[in-house]
Amino acid sequence: MKALSIKQPWASLIAHGIKDIENRTWKTSYRGRIYIHASGKPSFRNLTLNLSQDQMDALILYSHYNPNYSIPLDTRDKTYPYAAIIGEVDIVDCVINHLSIWAEKTEMPAGVYMGEKPIYNWVLANAVLYDEPILNVKGKLSLWDYIDPNFECGYCDNLVNEYPEFEYGDYGKVCANCFSGLTG
Ligand SMILES: [Zn+2]
């Protein structure tokens, strides 16, 4: 499955389902599920996240309904996983000037870029945060393929170590044998 390396704290905010946009200077036509990979280094070194009031409100609201979640204002916080795959999310769209509070906006006077590079808002949905992150995974640029070294087949429960991965409906990842049986 594809993976995207994202710096903390944004990776965690996405995996928690709080942040629904990933801002990039390049657009993607990929749609579907990806791994959320937290990069080895945070996106900033100072202590305070520079969040808008709307974004602060979203964090406070989330932590209100999820008391176990602490608002991540300090990237030195040891609760952040780094160099790890921490969850999954769907890429469902790629636009500019999305209305989300997490979308970086692009100024377009009279609909012309005027030499300015647009910021693409990758629209994300259905985030899942893993109970246990997959540790010690090096990040890469762009969308990259993460090959899960071991997974349990969703149909026969065998531990599988193979590639490519197959997915079958509610069974999720299945081994090649089961996949050919289920689809044959
Ligand atoms: Zn199987």
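Above this text is the structure in question.
The rules behind each value
Residues numbered from 1 in each chain as written. Predicted model: local features only at pLDDT ≥ 70, side-chain atom pairs only at ≥ 80, totals over all residues. Heavy atoms only, no water. 1 Å grid on protein atoms, 1.4 Å probe; cavity = no way out; pocket = protein on both sides within 12 Å on 5 of 7 lines; lining within 4 Å. Points joined across faces, edges and corners; volume = space filled by probe spheres on them. Helix = DSSP H or I, 4+ residues; strand = E, 2+ residues; numbered from the N terminus. Nonpolar A, V, L, I, M, F, W, Y, C, P; charged D, E, K, R; others polar. Pairing = 2+ DSSP bridges. Axes fitted to C-alpha atoms, helices over the stretch in contact; angles between N-to-C directions. Donors = N, O, S within 2.8 Å, 3.2 Å for Na, K, Ca; no water. Tetrahedral: all angles 85-135°; square planar, octahedral: opposite > 155°, others 65-115°. Buried < 20%, exposed > 50% of the residue type's maximum accessible area, 1.4 Å probe, protein only. Contact = heavy atoms within 4.5 Å. Core = buried A, V, L, I, M, F, W, Y, C linked by side-chain atoms within 4.5 Å.

## A closer look at the layout of surface pockets
Argument step 1. Looking at the largest pocket, its volume works out to about 290 Å³.
Argument step 2. Elements supplying a minimum of two residues to the lining of the largest pocket: β1 (2–6) and β2 (21–24).
Argument step 3. If you tally residues by element for the lining of the largest pocket, the top one is β2, at three residues.
Argument step 4. Tallied by class, the residues present in the lining of the largest pocket amount to five nonpolar, four polar and five charged.

## Focus: the sheet that holds β2
Argument step 1. Judged by pairing direction, the sheet is mixed, and its six strands sit side by side in the order β2-β5-β4-β3-β1-β6 without closing on themselves. One side of each edge strand has no neighbouring strand; the edge strands of this open sheet are β2 and β6 (143–145). Within this sheet the neighbouring strands show an average axis-to-axis angle of 45 degrees, counted without direction.
Argument step 2. Two strands pair when backbone bridges link them, and β2 and strand β5 (residues 120–135) are joined in this way by four bridges, in the antiparallel orientation. Within β5, the position partnered with Ile 21 by the bridge is Val 123.

## Quick word on the coordination of the zinc ion
Argument step 1. Note on the zinc ion: its protein donors are Cys 153 (SG), Cys 156 (SG), Cys 175 (SG) and Cys 178 (SG). The metal-donor distances range over 2.3 Å.
Argument step 2. Of note is the zinc ion, whose four donor atoms meet at the metal with angles of 99 to 119 degrees in an arrangement that counts as tetrahedral.
Argument step 3. Here Cys 153 falls in the buried class, since its relative accessible area comes to 1%.
Argument step 4. By relative accessible area, which is 9% here, Cys 175 ends up buried.

## Remarks on the environment of Pro 149
Argument step 1. With respect to the helices and strands, Pro 149 occurs in the loop between β6 and β7 (151–152).
Argument step 2. Residue classification places Pro 149 among the partly exposed residues on the basis of a relative accessible area of 41%.
Argument step 3. Distance in space between the C-alpha atoms of Pro 149 and Glu 162 is 7.4 Å, their sequence separation being 13 residues.
Argument step 4. Contact partners of Pro 149, with chain neighbours within four places excluded, come to Val 160 and Asn 161.

## So, the nonpolar core
Argument step 1. Formed by 17 residues in total, the largest nonpolar core has its most connected members in Ile 36, Ile 86 and Trp 122.
Argument step 2. Broken down by secondary-structure element, the contributors of at least two residues to this core are β1, α1 (10–15), β3 (32–38), β4 (84–95) and β5.
Argument step 3. Tallying contributions element by element places β4 first for this core, with five residues.
Argument step 4. When neighbours within four sequence positions are excluded, Ile 36 is seen to be in contact with Leu 4, Ile 6, Ala 11, Ile 14, Ala 15, Ala 84, Ile 85, Ile 86, Gly 87, Glu 88 and Val 89.

The analysis is restricted to geometry; functional conclusions fall outside its scope.
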